[in-house]
Each structure stands twice: as structure tokens, then as C-alpha cells.
Amino acid sequence: MRKLIAISSGILLLALSLAWWMNSRQPQPVELMPILTGQPEYCVTCHSDLPEISASHPVETFGCVSCHGGERLALDADLAHSTMRGGANPSDLSVAEISCGGSSCHTGSEADDRDHIQRVMTSVQSTYAGAIANIRYTFGAQTDLTAHQGINAITDERTQTGITALEIFNPTLESNPMIQKFGEECFTCHINAVPREGESYTRQTGCAACHSTEQHQLTTAISYTQCNTCHNRGNYDLRTMTFVERTDHLTNRLEEYYQPIAQFTQCEYTLDCVDCHTRSEVMGDGDLHSNQKDIQYVQCKTCHGTLTELPLTKTLTDPNDIAFRMAFLKPVVDLKLGDTILVTEQGEPLWNTRVLPDGTYEMIGKATKQKFNFRPVMGTACEQKPNEQESHFCHECHAVER
Amino acid sequence: MRPSFFHHLHPPTIPTAQSRWRYTLGAGGTAIFLMLVLVITGALEMFYYIPTPAEAALSIQTITYLVPFGGLVRNIHFWSAQLLIVVSAVHLLRVVFTGAYIPPRRFNYLLGLALFLISIFLNFTGYILRWDTGIQWALVVGTNLIKTIPFFGNNLYTILIGGSEPGSPTLIRFYTWHVFGLMIISAILIGWHAFRVRRDGGIALPPPSLRADPNRISRFELVRRETLAMILTSAALIILSIFSPAPIAAPIRLSVLQSVPESAAAPWFFLWVQQMLKWGDPFLFGILVPVIILLILVLIPYIFPKTLESELGRWFPKSNRLAQITLAIITLLIIFFTILGSLPTS
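Residues numbered from 1 in each chain as written. Chains lettered and ligands numbered in written order. Predicted model: local features only at pLDDT ≥ 70, side-chain atom pairs only at ≥ 80, totals over all residues. Heavy atoms only, no water.

### Quick word on the overall build of chain B
Cut-off, in case you're wondering: We count a stretch as a helix when DSSP gives it H or I for four or more residues in a row; a strand needs E for two or more, and each element gets its number in order from the N terminus. As defined in this context, the radius of gyration uses C-alpha atoms, and a globule is described by 2.2 Å times the residue total to the power 0.38. Each residue is placed in one exposure class: buried if its accessible area under a 1.4 Å probe, protein chains only, is under 20% of its type's maximum, exposed if it is over 50%, and partly exposed if it falls in between. We get accessible surface area from the Shrake-Rupley algorithm with a probe of 1.4 Å; when it comes to residues, only the shown protein chains can shield them. Positive charge is attributed to Lys and Arg, negative charge to Asp and Glu, and no charge count is given to His or to the chain ends. Charge coordinates come from a single atom per side chain, which is NZ of Lys, CZ of Arg, CG of Asp or CD of Glu.
For chain B, the helix and strand inventory stands at 13 helices and two strands. Taken against the 2.2 N^0.38 rule, which gives 20 Å for 346 residues, the C-alpha radius of gyration of chain B at 22 Å falls within 12% of a compact globule. C-alpha atoms of chain B, sized along the principal axes, occupy 70 × 45 × 35 Å. Across the 346 residues that make up chain B, the buried fraction comes to 49%. Carbon and sulfur atoms make up 73% of the accessible area of chain B, which totals about 16800 Å². Of the side-chain charges in chain B, 24 are positive and 12 negative, and the distance between the mean point of each set is 10 Å.

Written out as C-alpha cells, the structure is:
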């Protein structure tokens, strides 16, 4: 009996040592106490190697859980990750409102220009309403080109465009096989869609579709390469209703920018898309639109003016001007009170431009920080007709040959 | 050797034949040891556990992942509780299959049955204290069963749940029952049960004239055997705790009725009830059948032919065959339904 007790004591001791050893193999918990929540999080125990998401979201302030959700105290990967919002991407539009929203974050008031999520939800980039309306019109499912359906059902009670709501587009309810096929084949581009396979299409969904150019990084300095994960990657063939990938060999920026048939000028492939195209064009203006053309308005003349008019400018006198906030997010220019910048026809500040004393203009690339000097059309030998002011008329003389 | 306090808890000598493992299975003693482990590990958990809906599951995450050896303590608490159910059931089976419950041990049989029932309630209340999406389904379904009781079901529900749906009053009530109410009752009953074992003449055995083996072992030997059992049980608890941690799930963040449960399964010892609930009337299968089974268990010493004194002290005496068969059928059915209930539903 004594021998049995001795042996079983040995077994117990062994079990205890095993428990001790297993415990010592656990990682030492690393606590993070974000200022905003004041609640400890232990995510960095395993995720200490992630880069800071952005200068605007320092981890000491936001922590991880405010955006990602998840179980902040759990050190077991399955449990810790079980309640994360949107998997690894909390900015997926299905959860962006909870992850990125909130009145002091990105669902602030329209007056403060902090209603980012509301605008994105109604923008053509997420409704895909233009493509849907065009296809349904083309194949006889609707009699006009006005948007009636979108990727998701959405309403706009304070509509400026007359479109108060979009129903959800359901290809299985369509009788025309081409529209059905459109639903199956052509839904890889809107920003919440899972992208096509292939390195050149790699992007996240939701806000991160545009704003995340590298792993766990958010930026407003969005390079043209990010836009290219959807744009200029190929064409939809309406006869077969399939996406035809680009096959031409892309060797330099000039070729990456536009497809072979497109016409463009030098600034269009030297600058990044976001250097000219504004927030309301890209992220929506809060209204539902029937077409990309309804919302894209920046033209050559926005910066260059016409023969008879200089481009619109604005002298910054209000320290609360949104231009300062935008410049703060992408510190590529040292914008000061009293500076005169260009503004668009809709009054949006082109805050990375400046009017120089000699009457020319300067633009700093938001992503490249490159400096460009340019002149107004007025006073040049340009023979543009007064009623032909859209960019494609400029392309007739200024397009680059390839 | 002078007997210590611990030795004095035992009779000076007991018959060799009835002190064998293969007769007692050591189940009753192991159950008391597991209770002791539960009290100690439970007391340790109480330093960190917060019985509010918002904090409960988070405090269990704290215990599990952040408190040094908290995970081990919680796992041991969990495994002790599960083993307690198994060991108590084995103890009950042993007592019936050896016919040991006849007078004067009839009352102690009832005390033991009450302890078994209480250990199930202790286990269920402890399970609910997790307050996470893993227990949510059982909480809702289990407590809704109470409502199906005619006449006083709704009142009983309100008394136990503390409102019209599970919420913070429910949690604090279950907590109080778990750490105080049921604990006090079981502490008293364990003392009473152990006292009655000795008052009723120790482990059931035939009268002196009919004993085949007149030898007896001393309390020193008995304590050594108990020590061995405790050491082996402890080792088993630790090994189970290392390789199979106690279940945990994401907290119930919305109200109990709004959150999405992680699993739609009862705790394992109620799987047989869950299986029967699939067949129809919740009152019939969820309340009445279990109560009838309990009633049969209560009546075993009263309605079935009594074990002959000469046949005491060994397994499967002929004289109480009917009681053995009855309990065997009930046990097999419960095991069968438990297996059915644990199969994934297709």
C-alpha cells in the first residue's frame, strides 16, 4: 500500500509539473489600456508585430477592440477572434457603421463633413446603381436609365437627385438571362465585393478597399495603384457578359494608368487619381445617383480654367476651414492661414494646390509629394471653343500618343 | 501510532471484505473528496468572479487567461463537478446493485439521493454562471420548462428567474444558490449522510454469523486507501484539466433572448432530457418523466422486495433483482438518450 501511495504520488507530482510546464509555455500577457475605452486589452500579446494602423488612429488611444471587436481578455485565438467584426476587416460595409462609425468618428454630421459612412453607403461605388440601371435598361427590365436598384436596399430621405430609395437588386428575380448572368459575373468591382482573384485585383472591402494599401495600414494618401485594383484592370464584354482581363503588358506608369484605347493628357498619368478627384466624387456626396457621370465633375478646367475665366480660388481665412483638416491628414503641404488655393465648381478645396504670386499654380502629389507647376489656359494660344469645355475636347490636342 | 483527527473520522476497524475497491468502488469517498476540491477551487474563483451580466463572462475570461494558474483552477473546478456527477451516479448504482439500501440504511439512501439531486443543481447553476453564448440556449430552454408546470409554474419561474426573462436578477439568484444556498444544504447533508453511514453500522454487510471472511482492517489502512484514492483523483483532475480545458464562449452582450447562442446544446448531464424534448410536449418530457424517474428512485427501498440480510455485502444479490433490473433499465435508457442527444442533428 505504501508503495502504491509512493507511485501515485509520483504520478501526481508528474501531473503537477506538466501543468506547471504548460503554464510556463503560455505567452506572458501584454496589457494595453487604450485612452478611449479605459478597458484593458490583451491583443498585443500575440499581435505586437502589426504596424500602427495610421497616425490618426494611434493604438495607445484606440486600442484594437474599438475597431475590430473581439474578446479583449481572451488569450485563446479562437475565442479572442470569435466576435471580431467583419473578420479581419472591420471596415467591411456590413459592419463599418459599428466599427468606424459613431458621432465622434465617421458618422458625424453632414455640416462638419464627418458623415463619411453615410456618404459611402449611398455612393455609386457601393450601390453599383449605375451599372445595374444600365444593364437592366439595355435588356429591357426597366424603361429608363434612372437607378431603381442597388447592391443593397438603401434610402435617401433628403434626396437632391430625386432618387429616394434603391431596392435590392436580385438577379434571380430577373427574367432576362443576360441580366441574370450580369448578376453572376459582374459583381466584383463595387467596394464591398470580394475582388477577383489575382494579385493585381488584391484589395480589401468597405472603407479599406481604397484606404488600406498595405497590411494593417489606413491612409488618405491613396496611390493610383490602389484605384487600379478595380479601375483599368479590364473590360466587361456585354455580348458574353463576362469580365475580360487586360492582357497588355504593363511596364510603366503610363501604361498602368489607362487602357490602350483611352485618351489622356500628361497630368492624368503623372498625378495620382486622388490629386484631382475629390472626396464627394469618390466617396459620394450623400445622394443616390444613377450614374458615375452624375457625380464625377472635376475636369481639366477645374484647375486650368478656360480662355475667359481663371480657375476658382479661395483664400483661407477661417482656421476651421476643412482644407486645414484634410491637409493635416496628409501632411504634404504646409497650409497656412491666408494661403490661396484652388477650389472646385462645387466649392470643394483642392487643398494640395496653391496660387503662386506670379499667377501660376502649384500642386503637391498627395501620395508622391511631387511638386508640379502649372498655368491657367487664359492668356495662352489655346483655340478651345467656349461651348466645348469638357476634358475630352482638351484631349483632342493634348492627348499623349502611345 | 496515535490516531490523528483524520483517523478519528473513521471507525477503528471495518470488515476486510466490504472495504475492498471492487465492492465499494470508492465512489462515496471520492464524491466527498471532489466536493472538497470544488469548495476550495470555487472559493478561489470567487475572488475574481463578478456576478453581473456585463461582467460575468469577462471575469471568467480574466480567471481563465490572466490570473496566474486561474485557468488550471477553473479547469479543476469544472472537471471535479463533472466527475462528481459520474461518481455520485456510480455510488447510487453500487448501493442499489448491492442491495445495500434496506433498513436501517433506507433513510440514508434518501439523503444520498437528495445529495445527488443537489449536485446536479449545483452543476447546472455553476454552468449558468458562465453567462456566455455557450450556456444561453440551455438557460432559456431549461428555465422555460419551469413555466410548463401547471398551476404554479409561472410563479416558480418568477421566483427562480426574478423577472419575465433571464437577466441580471437571474444571474445573482443562480450565484447565490450556487455559492450559498445549495452549498449550505449539501454541506449539512454530507455531514448527515456520513454520520448515518456510521450510525447505521458502516458499509452494508451480512450479520456476523453469515460472514465468510471474519478479518477486519484498521482505520490506518482505511485512511491509507483513501489517501491513495485522493492522490489518484487529483492526478486525474490535473491531467483532464491540462488536456481538456473547461468550455468557454463569447459573452452574452445583448439581452439573453436577443443574443445568438453559440450552441443549441444542454450540458451533457441533461442531454437525455434535451433528446426527449425533441419528441414533443415539454412538460411531459422535460418535467414529468424526470420527476417520475426520481420518484422511482425514491421508492426503490419501499416498493421492491427487500434484499436478504444473508446476501448483503456483495454484488447483485438475487433477492433484490427487481430493483436492480429497474435501475439498470433507467440507466441504460438515460445513457442511450444521452448518446442520441449528443449526435449532431442532420
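### Thoughts on the interface of chain B and chain A
Basically, it comes down to this: When checking whether two residues touch, look at their non-hydrogen atoms; a contact exists if any pair is within 4.5 Å. Defined in terms of a 1.4 Å probe, buried area is the accessible area two parts forfeit on being brought together, summed over both. We define a salt bridge as a side-chain nitrogen of Lys or Arg found within 4 Å of a carboxyl oxygen belonging to Asp or Glu.
On the side of chain A, 27 residues touch chain B, which itself brings 25 residues to the contact. Taken together, the two surfaces of chain B and chain A that pack against each other cover about 2200 Å², and 77% of this comes from carbon and sulfur. Area buried by chain B at its contact with chain A is led by Tyr65, Leu66 and Phe69 of chain B, which between them contribute 27% of it. For the interface between chain B and chain A, the tally reads one salt bridge.

### Observations regarding a nonpolar patch on the surface
Residues and elements named next belong to chain B. Put simply, the rule is: Each patch is built from salt-bridge-free residues with over 30% relative accessible area, joining like charges within 9 Å and nonpolar side chains (Val, Leu, Ile, Met, Phe, Trp, Tyr) within 5 Å.
Together, Phe107, Trp177, Phe180, Ile184, Ile185, Ile188, Trp192 and Phe195 make up a nonpolar patch on the protein surface, roughly 790 Å² of accessible area in all. The element contributing the most residues to the nonpolar patch is helix H9 (residues 168-199), with seven residues. Structurally, the position occupied by phenylalanine 195 is in helix H9. The partly exposed category is assigned to phenylalanine 195, whose relative accessible area is 44%.

### Considerations on the sheet that holds strand S8 (residues 349-350) of chain A
Residues and elements named next belong to chain A. How we decide: Here, strands pair whenever DSSP counts at least two bridges between them.
Here we have three strands laid out as an open sheet, ordered S6-S7-S8, and antiparallel in their pairing. In this open sheet, the two strands that pair with only one neighbour each are strand S6 (313-315) and S8. Relative to S8, strand S7 (residues 340-343) runs antiparallel, the two sharing two bridges. Across the sheet, the residue bridging to valine 343 is proline 349, located in S8.

### Re the sheet that holds strand S10 (residues 361-364) of chain A
All names here are of chain A. The line we're drawing: Axis angles are defined between N-to-C directions and span 0 to 180 degrees, where every axis is a line fitted to C-alpha atoms and, for a helix, only to the segment in contact.
In spatial order, the strands read S9-S10-S11; together these three strands make up an open sheet with antiparallel pairing. Edge positions in the open sheet fall to strand S9 (353-355) and strand S11 (371-374), since each of these has one partner strand only. Taking the axes of each pair of neighbouring strands and ignoring which way they run, one obtains an average angle of 20° across the sheet. With four bridges connecting them, S10 and S11 associate as antiparallel partners. Looking at S11, one finds that tyrosine 361 is bridged to phenylalanine 374.

### Details of the packing of helix H6 (residues 106-129) of chain B against H9 of chain B
A packed helix pair is summarised by two numbers, namely the angle formed by the two axes and the spacing between the axes. All names here are of chain B. Defined as follows: Roughly parallel refers to an angle under 35 degrees, roughly antiparallel to one over 145, roughly perpendicular to one between 65 and 115, and oblique to any angle outside these ranges. By definition, turning the near helix anticlockwise from the far helix through less than a right angle yields a left-handed crossing, and turning it clockwise yields a right-handed one. Charged residues are taken to be Asp, Glu, Lys and Arg, nonpolar residues to be Ala, Val, Leu, Ile, Met, Phe, Trp, Tyr, Cys and Pro, and polar residues to be all remaining types, Gly included.
Following both chains from N to C, one finds H6 and H9 inclined at 155°, their axes separated by 9 Å at the closest point. Accordingly, the angle class assigned to the pair H6 and H9 is roughly antiparallel. In the crossing of H6 with H9, the sense of the turn from one axis to the other is left-handed. In the contact of H6 with H9, the residues fall into 21 nonpolar, seven polar and one charged.

### Details of the domain arrangement of chain A
Residue and element names in this part refer to chain A. Heads up, the rule is: Bear in mind that the domain bounds are from an automatic or database domain assignment. Here a polar contact is taken to be a pair of N or O atoms separated by no more than 3.5 Å, where protein atoms must pair a possible hydrogen donor with a possible acceptor and residues adjacent in sequence count only if both atoms sit in side chains.
What the domain assignment lists for chain A is domain 1 (28-84), domain 2 (116-259) and domain 3 (297-398). In this assembly, five residues from domain 2 lie in contact with five residues from domain 3. In this assembly, domain 2 packs against domain 3 so that about 360 Å² is buried in total across both faces, 59% of it on carbon and sulfur atoms. Of all residues in domain 2, Thr220, Ala221 and Arg253 bury the most surface against domain 3, accounting for 84% of the area lost on that side. Our count for the domain 2 to domain 3 interface comes out at zero salt bridges. Seen at the junction of domain 2 and domain 3, the total is one residue pair in polar contact (both at pLDDT 80 or more). Grouping the constituent residues of the side of domain 2 that touches domain 3 by class yields two nonpolar, two polar and one charged.

### Examining the pairing of strand S4 (residues 234-237) of chain A
Summarising the sheet, S4 of chain A and strand S5 (residues 242-245) of chain A pair through four bridges and their orientation is antiparallel. Residue pairing in the sheet places asparagine 235 of chain A in a bridge with valine 244 of chain A of S5 of chain A.

### Remarks on the state of the cysteines
The condition that has to hold: Two cysteine sulfur atoms form a disulfide, by the criterion used here, when they sit within 2.5 Å.
Summed over all chains, the structure comprises zero disulfides over all chains. No disulfide involves cysteine 189 of chain A; its sulfur sits 4.8 Å from that of cysteine 230 of chain A, the nearest cysteine.

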